[in-house]
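One letter stands for each residue in the lines below.
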2 protein chains.
Amino acid sequence: MTASNGNAFAHAPDEPPTILYIGHHESQRQTPVSVELIQNAQYAGYDLISAPITKPHFQSRVLTTLREHVDALATKGSKHVPMPLISPLTPLDTDFAPAETNLSLIAVTSSWIDLASSDPLIAHVSRQVLNLEIAYAAFCGISNVIVQGPVSNRGTAQYARSVREALGLGPYIQLQILLPMTGELEEGPDGTHLGELARSEYLEGDFEDDGEFELYESWEIWNSIRQLCEYNTRLSIALELPRQLPSATLQSRWFSEPVRLLNLPRTSFLRNAKGFPVLSKPHQQYLTRFLRLRTAPWVLLSDVGTIPEPACQSIQQVATMEPTPAEAAANPKQPEDPIGHLRYMRHLQQTQPPRPMIERFGQGYQDYLQSPLQPLTDNLESITYEVFEKDPVKYDSYQQACVLALKDLREKLGKDREINVAVVGAGRGPLMTGALRASKQTGIKVRCWAVEKNLNAYVHLQRKAATEELWRLWGTPVTVVKSDMRAWSGPVLPDGTIGKVDILISELLGSFADNELSPECLDGIQHVLNPDHGVSIPQSYTAHFTPIAAPRLYSDILGRSSTDLNMTVAEKWDLPYVVLLHQYDDLALQQQTVATDSPLPEIKEAWEFSHPIAPEILEQAKARAGGGVGTGGWVGGDGSNEHNFRSCVLRFKCQNRGVCHGLGGYFESVLYAQSADNEQAKKVELSTNPLTMDQKSQDMISWFPIFFPLKTPIHVPDGGELEVSMWRQTDDRKVWYEWVVELFETEEIRIDGGEDGASEIRTRRKRLGSSELHSSRKNGCLM
Amino acid sequence: MTASNGNAFAHAPDEPPTILYIGHHESQRQTPVSVELIQNAQYAGYDLISAPITKPHFQSRVLTTLREHVDALATKGSKHVPMPLISPLTPLDTDFAPAETNLSLIAVTSSWIDLASSDPLIAHVSRQVLNLEIAYAAFCGISNVIVQGPVSNRGTAQYARSVREALGLGPYIQLQILLPMTGELEEGPDGTHLGELARSEYLEGDFEDDGEFELYESWEIWNSIRQLCEYNTRLSIALELPRQLPSATLQSRWFSEPVRLLNLPRTSFLRNAKGFPVLSKPHQQYLTRFLRLRTAPWVLLSDVGTIPEPACQSIQQVATMEPTPAEAAANPKQPEDPIGHLRYMRHLQQTQPPRPMIERFGQGYQDYLQSPLQPLTDNLESITYEVFEKDPVKYDSYQQACVLALKDLREKLGKDREINVAVVGAGRGPLMTGALRASKQTGIKVRCWAVEKNLNAYVHLQRKAATEELWRLWGTPVTVVKSDMRAWSGPVLPDGTIGKVDILISELLGSFADNELSPECLDGIQHVLNPDHGVSIPQSYTAHFTPIAAPRLYSDILGRSSTDLNMTVAEKWDLPYVVLLHQYDDLALQQQTVATDSPLPEIKEAWEFSHPIAPEILEQAKARAGGGVGTGGWVGGDGSNEHNFRSCVLRFKCQNRGVCHGLGGYFESVLYAQSADNEQAKKVELSTNPLTMDQKSQDMISWFPIFFPLKTPIHVPDGGELEVSMWRQTDDRKVWYEWVVELFETEEIRIDGGEDGASEIRTRRKRLGSSELHSSRKNGCLM
C-alpha cells in the first residue's frame, strides 16, 4: 500500500513551467526609488527592485549624533551623558512613501550599523536605526526587508535578539538576513561603518579571538539566529552566491535552509567567449536545484548596472539572450547590454532541464507533511487507487516478479499443474492484471482470486471480471472475494474443496516498509498459502533511515496548533510523517564521497521482514492470542504479535556540523528472488532508498519517504556521532514506533608515557546529549 | 523590598526535629517477608524493610526457559523458534500478597536481569521479568520499588525505555534506580546473571569498548535515564554510598538529584575504637546535608545482619548507642549487637548539628518556587511586613549605615544643622526606627518623614508617630506622608517651605537587586534629594549569577500546568522565580578550589545601579516621557526609562560535565560607604551572594535567591564553557529580563609544521549549542 495519500494527480503530469522572480539591486542606488523607476524596471523585465530605506542624509545625521555624544563623554564623563537618541525619520532621510507600487519593492536596511557590537553605545544606536527603518517600511506597506547579516561570529545572541525584536514591529514583516555562503559578503557597507567607532568595553575580560575563518561559520551564525528567533517563519535568508561556489556539502546545507532570495552580484557571473555574462555550470546546477523547490527563492541581480530608460530597449528583446549575428556584426564594440544579466537569467529560466519523474508527479507535494495511511481501518477512494496505478514502474516490477515465480513453480510442480494465484487487497485490480499478463507472457495456466475488503472497490472488481478479456485468460474468470484478507478461508477449487494459494500477491508496504502493517496482514493470511512451496510477492522488505537536517519540516511541525492537528501539541512530535523530502540535508555521509561533487548519504538498514514465516512462530502467536494455561504450559493472553517486534541501534558519523531535526526513512523490498542455486538467478526489487532506487526501481513514484521528527533538534559538532535507537513496538491492538537519537563525540586523550616516556593517545566516547524518547503509541497503526 | 513573599514564619523558628526513616535491607534475604518479620523490624526500631519481589524459584524457572530456548535454537534454527515467554508468577515464585503492612515494604526487583543487553533475547526476557515483578508489586499495594541500575554504560537508551514502560504499569508506582556514586555497586547479583548468557549480535558492527571507568559515569547514566523518562517525578535514585566517598564535586552533584533513598552497605561503616559501627566524618557530613532537604531521603542499612527476634532486645535499648560501661565490662567479648548500625544511625539523627539561620527561617521553603513580588502594584499585608522585620541583620545594617551617613553629613554641614531624613516605602516603620536609633546613638539631630503608599500601613505608622517615644526623639514627631514616593513633592520644613532630603532611606531591593524596580522608584523620588550632598541608602547594588544544575526545580516547572499557573504553559519558562535554592549544584567552580573539600562557585556580576544618578540623565528621561520635538531638538516620546537598561555577556567554565537547568541569581548592596579619602573609611553592605554573604551580612534571612530557568536544559561536557547573555529591558510601562545560554568548547587543533617540521597547536572555540532566548516581557514588573 502506497503512501501518497491525497496526492491526487489524476493525469500524468506535464513538466510544470519554471517560475522565477528576478529583482534588481544596487548596493548604492543613486536614483531615488520612484514610481517611474519601478515602471522602468518592470518594462525592462524585472519583477522586483530593491531600495535602501534611508538615504546618506540619515547616515550622516546618525554619525553627527554619535560624534556629539563621544565629544560630550570626553568633556563631561560617562556618568553625566545620557545615551544618544536617534530622532524619527524626516522626509530628507527617506524617499519611501505608502504606494501601490511598493508591492514590487524589497526594502534594504542600512548596512553601516553593527547590531552585534560589543560596544553598548554602538549596539544601542544600531538597534534604533534598524527599528526606525523597519517600522517605517512596514508603515509604507513593504513587507520584504533585507537586513545585513552580522559582521563577525561574536555577539550573535545580541544580533538575534535585535532581529527578534524587529520581527515584532509588524505582523507581516518578512526579514531576509543577507549572508554569504562562506567567508564575507561581496560588498562592504557604504561610508563609515559604526563598528569603526566602537570601543570594546562590553564583554568581560579580554576574550580571545575566535580563530581563523571557517567554512561553516556563516551557516552556523544563521543557525544561531534562527534558533533564537524560534524558527519564525517570517525570518529567512538572502543568500549571496560567490564567484566560486563552496563544497557540495555546504551547498547542500544552504539548500536545506529557508532561502527566500538568492543574491547574484556581478562578480558571480563569468563572461562567455562572446563577452556576455553567464553563470558557471555549478552555479547553473545550484540554481536549478533551488528552482525546483515548492516555493523557489527570488533572484536578486546586484550591481549589474542601472535600470535603463525604456528608450534603450524594447520588450521583445528581453526574451532573447544574445543580439542577432547581424546586430553583433554591425556593432562589434557595442556598449554593454544594460540588461544582459537579466536576459541571461530569463534564458536559463526557459531552458531548465526536465525534472525527475517523482518530482513531476509530486509537484506541489515537496516537503508537505502527511499522516501515513491507515489502510486497515480506512477504505480508500477510487481516486487514491488511480493515483497509485499511475506508477510506471511498480506494476511492471510486480509482473516481472510474477513471471519468475510462475517459471520456478512450473519447474517444481510440473507442466500440467495450474497455479493458484491470489491477490489480497486487490483494490481496483492492477496487480491481478499484472499477474494475468505474466501468465499470458509465460503461457503458464493460472487460477485467480482477487480478495478485497473495500466494498466499493469490490463492485469495480466484479465488473472487471465480467467484462475484461484478460480477466478470463484461461476460460474461468477471476474469482472476486469480498473479505478482510485475514478472514479469508482460502480458494475454493473447481472440485468444491478449499485449496491453497501458490502465489500470494500483495501491495501493503508503506514508506517505511512495515509501517502500514504488511507483516501483520500477511501473517493473517499465511494460512491460505501452500506450506510446501507457497510464494509471497513481496518475499521480504527492509526499513532504512538516516539522520537529516530539515529546518523547513521542523518549522512546519512547530507551527501546527492542536486544533489543526486533532491531537495534543505534544503528540505532534510523536508520530512519523509521510513526506516528499526535498529541502533537507543529509548529516551522515559515506566517508569516501564527502569530498566529491555528489556526496552520498549513509543510509542504514533498521530491520527486515520476510514471508512466509515459520509455522512454529505463527502457532505460538495464535496460541498467545487465545491465552490461558494449556497442556503445553502457559502461553499468555497477550503478545500474539510480539514476533513482529523489531529494534535496532545504528550509529552515524556526521562529518560536518549541523542540526539534526529527525530521521529520513525509506524502504527496499525483494518482490521475488530466484534461488541462488540457479546460476542465472534473477531478482526483482523495489526501492525508495536514494542509494539504490535508481538501480532497483528507477522512476517509481508510488512512495514518498517518511520523516521521524525530533521535538528538540540536536546540534551536532564536526565529526559528531549520532546513535539512533529505534523500536517497532507491538501489542495485540496496534503497532507503533519509538525513537531516540543520542549524540557522542570521540575524544582523544593523551596519556603521558610511563618508563619509556612515550605518550599514548587513547580515544574515548564522550556523550554530548540526547533527544527525547519519542513514541507514536497514541497514534499507532491499528490492526 | 524583600522577596520571601508568603513565607509566613511569624515566630523566630526553633530548630526543627530531624526526621529520618531507616530501612533494613538484605541483598539475599533468607527469611520470607511475613507480617511477623515486619513487626519484628518495627520493634527493633526500623521504619521500613526491603524485600525481593520474587524468590530463587522464579529465577531458576526463567533460567530453565532460557536454556530450553537456546537448545531449541541449536536444533531447529532461529527462524523456527519463537521468542521465549515467561509465564506469570506462581505462589512458589513470590511471598508477596496484598496486606496493610505492605506500606512498610520496599520491593526489590531481580538484580540478575539485564535490561540494557545487546542480545535481544536477554533484553526480551529481562523486560518480561521486570514488568511481571513491578506489576505484581503494584497489585499488592506496594508503591516503592528498587530497580537495579544498568550494568554498563552501553544500551542506556534501551534501559531507560524499559523503565519508562514500567512507570506506566501503575499510577502510583515509584521506581528507585539503585546506582553507585561512582564505579560499581557493592553487591553483585545473586546467582547466574542473564548477561552471562548473552550473545552480542544486536548492535551493528563491532562497537569499540567505551574506555575505562570514569568518575562521572554513573551520574551520566542516571542523567540519560531520567531525561528519556522526561523527569518523571515517580522516578528517583537509590544511591549507594561507598566506604570512601568520591570528590566533593561529585558528592554535590548527587546531592542535587532526586535521591529518595541512601543505601548504606555494611562496608561503608567503620569500626570505632570500641568496635562499634560508625560512619566517617565525611559520611556524617554528607548525611547531614541530605537530612536538611525539604524531603530527606530514607536510609537503607544493607546487609548489617538479620532482624533480631524481639527477645534479643528491648525497645529502650534502641535509643542508646553504646552499652553502659557496666554492661561492657560484664561482657567483654559479647556477641555483636544485632542492631548496632541502627542504634548508631538513631544516635546521629538525635545529634544533628544546628541548621544555618536562613534554613531555619526558610524551613519548608527550600526549593519552593515563588513569583517575585510586584510591590508597585500590590499592597502588602501586615504579616508580610512582620516576616521581613524578623531579620536579625538587615535593620541593624541599615542603622549602622545611618550612623556613618549622619556623621559624614555633620562633618560637611556643621554641628547645628538638623538633618532631614526620609524613609520611602516605610511599611510598618522599622527603617524609621533604625534611623532614629542612629540619631540617638550619634546625638545628631534629625527631622524625619515616613512616606508610604499602602493606606493600611499608613494607619499603623500614624499610630507609631503618636505613641512611640523614639518617634518623637527631638521633640517633633515623625511626619507620616501618605503618597506614592514618586509623587511626593518633598519635606515641608518648620518654616512652611518645601525643603530637600539629606538622607533618603529605602528597602526596595529584590532577590536580583533591581528586579523589584528599585532603580525606577529611586529615580522617581530623586527630585526630593538634596542635589549637593544628598545620600541614598542604599548607595548602590549589583546583580550576580552563575549557571546551576537544578533538576528538582526543572522538574517542578515542567510539571506545572497552565491552570496552576494562570499563564500559558510556554510562559512558565519565561520568568524568574524566587526560591530558597537548596538541592542544586554549581556548574562553574573557581579553578583553584575545584579539588578541595569545599569548592567555590564562580559567581559573576551582571551589572550595577547607584544612586543618586546624574541630573542630566534624569532630565533627559523626563523630557523623553513628555515626547515631541522641542527647542533643544527631538527628545522622543518613549524610552524615558532607557537609562535603566542593562546588559551583560558572561562566560563560565564548567570543569565537570553536567546539565544546566538555569541560572542562580543573587545580589550585593552597599548601603553606605564612607569616602575613600577617609583613612578609616567604613562600609556597610548586604549580600545574598554565597561567596560574600557571610563576610558582608551573615545570617541575613530576608532574601532568597532568584532562579532563571531554561526551557531546554543544556548538556555540558567536561570543560564546556557557558556564555550567558542577559538583558534588563525597559519600556515606559515595565521592566523585564531576557536571557540566553550558549555552550562552547575549546578545541585544540594540531597544525602540521611548515619548513621546520614542528607542529603547532591552536585553540578554537567550537559552538555546541544554545538555549532558547527567554524573555519575561509578558510577565514583566509593572511600573
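Remember, predicted model here, so these are calculated numbers, not experimental data.

> Please explain the overall build of chain A as it appears in this structure.
Per the secondary structure count, chain A includes 19 helices and 30 strands. Here chain A holds 783 residues, and 58% of them are scored as buried. Of the contacts formed within chain A by residues at least 6 apart in sequence, a portion of 81% connects residues at least 24 apart.

> Whenever I open this one, the side chain of Ser-218 of chain B confuses me. Can you help?
All names here are of chain B. Looking at the secondary structure, you find Ser-218 in helix α5 (residues 217-228). Assessed through its relative accessible area of 5%, Ser-218 is described here as buried. Engagement of the side chain of Ser-218 in a polar contact is seen with the backbone oxygen of Pro-180, the distance being 2.6 Å. Other than its neighbours up to four places away in sequence, Ser-218 contacts Leu-179, Pro-180, Met-181, Thr-182 and Trp-254.

> I would appreciate a short explanation of the packing of helix α12 (residues 394-413) of chain B against helix α13 (residues 430-442) of chain B in the present structure.
Two quantities define a packed helix pair, namely the angle between the helix axes and the distance between the axes. Residues and elements named next belong to chain B. Running from amino to carboxyl end, α12 crosses α13 at an angle of 45°, the nearest separation of the two axes being 8 Å. In terms of orientation, α12 lies oblique with respect to α13. The interaxial crossing formed by α12 with α13 has right-handed handedness. Of α13, the residues touching α12 (which contributes Tyr-395, Tyr-398, Gln-399, Gln-400, Cys-402, Val-403, Leu-406, Lys-407 and Arg-410) are Pro-430, Leu-431, Gly-434, Ala-435, Arg-437, Ala-438, Ser-439, Gln-441 and Thr-442. A class-by-class count of the residues in the contact of α12 with α13 yields 9 nonpolar, 6 polar and 3 charged.

> What am I meant to see in helix α6 (residues 248-255) of chain A here?
An α-helical segment advances 3.6 residues per turn. Residues three or four places apart therefore align on the same side. Burial analysis of α6 of chain A places 8 of its 8 residues in the buried class, the great majority of the element. All buried positions along α6 of chain A are accounted for by Ala-248, Thr-249, Leu-250, Gln-251, Ser-252, Arg-253, Trp-254 and Phe-255 of chain A.

> Where do I start with the interface of chain A and chain B in this structure?
The accessible area lost on association of the parts is a frequent measure of interface size. Taken together, the 72 residues of chain A in the interface contact 72 residues of chain B. Taken over both partners, the interface formed by chain A and chain B buries close to 6,400 Å², and the fraction arising from carbon and sulfur atoms is 51%. For the interface between chain A and chain B, the tally reads 6 salt bridges. One salt bridge connects Arg-764 of chain A with Glu-214 of chain B, and the closest N-O pair in it is separated by 2.8 Å. Taken together, the links from chain A to chain B amount to 20 residue pairs in polar contact (both at pLDDT 80 or more). Tallied by class, residues from the side of chain A that touches chain B come to 25 nonpolar, 18 polar and 29 charged.

> Can you help me understand unusual backbone geometry in this one?
If a residue is not glycine, its phi is most likely negative; likewise, a peptide bond is most likely trans. Cis geometry marks the peptide bond from Ile-537 of chain B to Pro-538 of chain B, where omega comes out at 10°. Position of Pro-538 of chain B among the secondary structure elements: in the loop between β15 (535-537) and β16 (540-549). The omega torsion of the bond from His-611 of chain B to Pro-612 of chain B falls at -5°, within 30 degrees of zero and hence cis. Here Pro-612 of chain B shows up in the loop between β19 (604-610) and α18 (615-626). The phi dihedral of Glu-230 of chain A is positive, around 55°, even though this residue is not glycine. Even without glycine at this site, Asp-367 of chain A takes up a positive phi of about 60°. Its place among the elements puts Asp-367 of chain A in the loop between α10 (357-361) and α11 (382-389). For Asp-367 of chain A, a relative accessible area of 3% gives the class buried.

> How should I be thinking about the relation of the copies chain A and chain B in this particular structure?
Both copies of the chain are placed relative to one another by a rotation about an axis and a shift along it. In screw terms, the move from chain A to chain B is a rotation of 180° and a rise of 0.0 Å along the axis, fitting with an RMSD of 0.1 Å. The two molecules are tied by a two-fold rotation axis, judged by turn and shift. In terms of proximity to the rotation axis, the leading residue of chain A is Thr-712 of chain A, whose C-alpha is 4.1 Å off the axis. When the interface residues of chain A are mapped onto chain B, 100% of them again fall at the interface, so both copies present the same face.

> Looking at this structure, I do not really get the pattern of salt bridges. What am I missing?
Close approach of charged atoms allows side chains of opposite charge to pair. By the definition in use, this model includes 64 salt bridges over all chains. The shortest N-O distance in the salt bridge between Asp-731 of chain A and Arg-733 of chain A comes to 4.0 Å. Owing to a relative accessible area of 12%, Asp-731 of chain A belongs among the buried residues under this scheme. Taken together, the salt bridges that share partners define one network made up of Glu-214, Glu-220, Arg-657, Asp-718 and Glu-745 of chain A together with Glu-747, Arg-764 and Lys-766 of chain B.

> It is not clear to me how the confidence of the model for chain A should be interpreted in this structure. Could you clarify?
In regions of low pLDDT, the predicted coordinates are not meant to be interpreted in detail. Averaged over every residue, the pLDDT of chain A is 87; the share at 70 or more is 88%. pLDDT under 50 marks residues 1-12 of chain A. Its contacts with residues more than four places away, or in other chains, come to 49 contacts.

> Please clarify how the domain arrangement of chain A should be interpreted in this entry.
All names here are of chain A. Each assigned domain of chain A is listed with its residue range as follows: domain 1 (22-203 + 210-355), domain 2 (376-507) and domain 3 (540-783). With 20 residues of domain 1 at the contact, the number on the domain 3 side is 22 residues. Taken over both partners, the interface formed by domain 1 and domain 3 buries close to 1,800 Å², and the fraction arising from carbon and sulfur atoms is 53%. Inspection of the domain 1/domain 3 interface yields 3 salt bridges. Arg-253 is the partner of Asp-585 in a salt bridge, and the nearest nitrogen-oxygen pair spans 2.8 Å. Run the count over domain 1 and domain 3 and you get 10 residue pairs in polar contact (both at pLDDT 80 or more).

> Mind showing me how you'd approach the packing of helix α3 (residues 120-139) of chain A against helix α4 (residues 156-167) of chain A here?
Residue and element names in this part refer to chain A. Where α3 contacts α4, the axes come no closer than 10 Å and their chain directions differ by 25°. Put simply, α3 runs roughly parallel to α4. Crossing geometry of α3 relative to α4 is assigned as right-handed. Side by side, α3 and α4 meet where Ala-123, Arg-127, Leu-130, Asn-131 and Ile-134 of the first sit next to Gln-158, Arg-161, Ser-162, Glu-165 and Ala-166 of the second. Its residues placed into classes, the contact of α3 with α4 shows 4 nonpolar, 3 polar and 3 charged.

> Where do I start with the packing of aromatic side chains in this structure?
How two aromatic rings sit relative to each other is given by the distance of their centres and the angle of their planes. Tallying each qualifying case throughout the model produces 34 aromatic pairs over all chains. Here Phe-545 of chain A and Phe-652 of chain A contribute two aromatic rings whose centre-to-centre distance is 5.9 Å and whose plane-to-plane angle is 45°, an arrangement assigned as tilted. Separated by 107 residues along the polypeptide, Phe-545 of chain A in strand β16 (residues 540-549) and Phe-652 of chain A in strand β22 (residues 646-653) bring together distant segments of the chain. Its end group placed over the ring of Phe-609 of chain A, Arg-646 of chain A keeps NZ or CZ at 3.9 Å from the ring centre. Lying across the ring of Phe-744 of chain B, Arg-765 of chain B places its NZ or CZ 3.7 Å from the centre.

> Sorry if this is basic, but what is going on with the pairing of strand β1 (residues 22-25) of chain A here?
When a strand is regular, its side chains alternate between the sheet's two faces. Residue and element names in this part refer to chain A. Side chains Ile-22 and His-24 of β1 all project onto a buried face; the interleaved residues Gly-23 and His-25 project onto the opposite face, where all are buried too. Pairing analysis gives 4 bridges linking β1 to strand β10 (residues 298-302), with the strands arranged parallel. If you follow His-24 over to β10, its bridge partner there is Leu-301. Examined bridge by bridge, β1 and strand β2 (residues 48-52) share 2 bridges and lie parallel to one another. In the strand pairing of β2, Gly-23 is matched with Leu-48.

> What should I look at first to understand the sheet that holds strand β6 (residues 235-240) of chain A in this one?
Whenever strands of a sheet pair, they do so through backbone hydrogen bonds, lying parallel or antiparallel. With parallel pairing, the 8 strands of this closed barrel are ordered in space as β1-β2-β3-β4-β5-β6-β7-β10 (chain A). Put simply, the sheet's adjacent strands are angled 30° from each other on average, direction ignored.

> Looking at this structure, how should I read the state of the cysteines?
By definition, a disulfide links the sulfur atoms of two cysteine residues through a covalent bond. Using the criterion set out here, one finds 0 disulfides over all chains in the structure. Unpaired in this structure, Cys-448 of chain B has its nearest cysteine sulfur neighbour in Cys-402 of chain B, at a distance of 8.5 Å.

> What exactly am I supposed to notice about the environment of Val-35 of chain A here?
The residue Val-35 of chain A is located in helix α1 (residues 35-44) in this model. Spatially, the C-alpha atom of Val-35 of chain A lies 49 Å from that of Gly-77 of chain A, the residues being 42 residues apart in sequence.

> When you look at the sheet that holds strand β7 (residues 259-265) of chain B in this model, what are you seeing that I'm missing?
Residue and element names in this part refer to chain B. Taken together, the 8 strands give a closed barrel; going around it, the order is β1-β2-β3-β4-β5-β6-β7-β10, and neighbouring strands pair in parallel fashion. Shown here is a sheet whose adjacent strand axes are inclined to one another by a mean of 30°, direction ignored. Lying on the sheet, helix α3 (residues 120-139) is in contact with β3 (105-108), β4 (144-148) and β5 (174-180); it crosses β4 at an angle near 165°. On top of the sheet, α5 reaches β5 and β6 (235-240); it is set at about 165° to β6, its chief contact.

> I would appreciate a short explanation of the nonpolar core in the present structure.
The nonpolar side chains of a soluble globular protein tend to be buried, and buried together. Residue and element names in this part refer to chain A. Ranked by internal contacts, the top residues of the largest apolar core, which has 104 residues, are Leu-175, Trp-254, Leu-301 and Met-345. The element best represented in this core is α3, accounting for 7 residues. Aside from chain neighbours lying at most four places away, what touches Trp-254 is Leu-179, Pro-180, Met-181, Ser-218, Trp-219, Trp-222, Ile-237, Leu-239, Val-259, Tyr-286 and Phe-290.

Cut-offs used in this document
Every chain's residues receive numbers from 1 upward, in the order its sequence appears when written. Both sets of labels track the order of writing: A upward for chains, 1 upward for ligands. Given that the model is predicted, a residue must reach a pLDDT of at least 70 before its local features are reported, and side-chain atom pairs must reach 80 or more before they are shown or counted; all residues, however, enter totals for whole chains, interfaces and linings. Side-chain measures here rest on the full set of heavy atoms in the structure, leaving out hydrogens and waters. In this description a helix means any DSSP run of H or I spanning at least four residues, a strand means any run of E spanning at least two, and both kinds are numbered starting from the N terminus. Burial classification: accessible surface area is computed with a 1.4 Å probe over protein chains only, and a residue below 20% of its type maximum counts as buried, one above 50% as exposed, and the rest as partly exposed. In this description, contact between two residues means that some pair of their heavy atoms is separated by no more than 4.5 Å. We call two N or O atoms a polar contact when they sit within 3.5 Å, provided that within protein one can donate a hydrogen and the other can accept it, with sequence-adjacent residues counted only if both atoms are side-chain atoms. Only C-alpha atoms enter the line fits that serve as axes; for helices the fit covers just the stretch in contact. Angles between N-to-C directions range over 0 to 180 degrees. Orientation is classified from the angle alone, with under 35 degrees giving roughly parallel, over 145 giving roughly antiparallel, 65 to 115 giving roughly perpendicular, and any other angle giving oblique. Two helices cross in a left-handed way if the nearer one is turned anticlockwise from the farther one by less than a right angle. They cross in a right-handed way if the turn is clockwise. Polarity classes work like this: nonpolar for Ala, Val, Leu, Ile, Met, Phe, Trp, Tyr, Cys and Pro, charged for Asp, Glu, Lys and Arg, and polar for all others, with Gly in that last group. Buried area is understood as the total, over both parts, of accessible area removed when two parts are fitted together, assessed with a 1.4 Å probe. Only one rule defines a salt bridge in this text: a Lys or Arg side-chain nitrogen within 4 Å of an Asp or Glu carboxyl oxygen. Alignment of copies: least-squares fit on C-alpha atoms of residues with pLDDT of at least 70 in both copies. A score from 0 to 100, pLDDT tells how confident the predictor is in each residue. Segment limits for the domains were obtained from an automatic or database-derived domain assignment. Think of it this way: a Phe, Tyr or Trp ring, Trp meaning its six-membered ring, pairs with another when their centres are within 6.5 Å, and the plane angle makes it stacked under 30 degrees, edge-to-face over 60, tilted otherwise. We call a charge positioned over a ring when the NZ of a Lys or the CZ of an Arg lies within 6 Å of the ring centre and within 35 degrees of the ring normal. Any two strands between which DSSP finds at least two bridges are classified as paired. Any two cysteine sulfur atoms lying within 2.5 Å of each other are counted as a disulfide. To form a nonpolar core, buried Ala, Val, Leu, Ile, Met, Phe, Trp, Tyr and Cys residues must be joined to one another through side-chain atoms within 4.5 Å.

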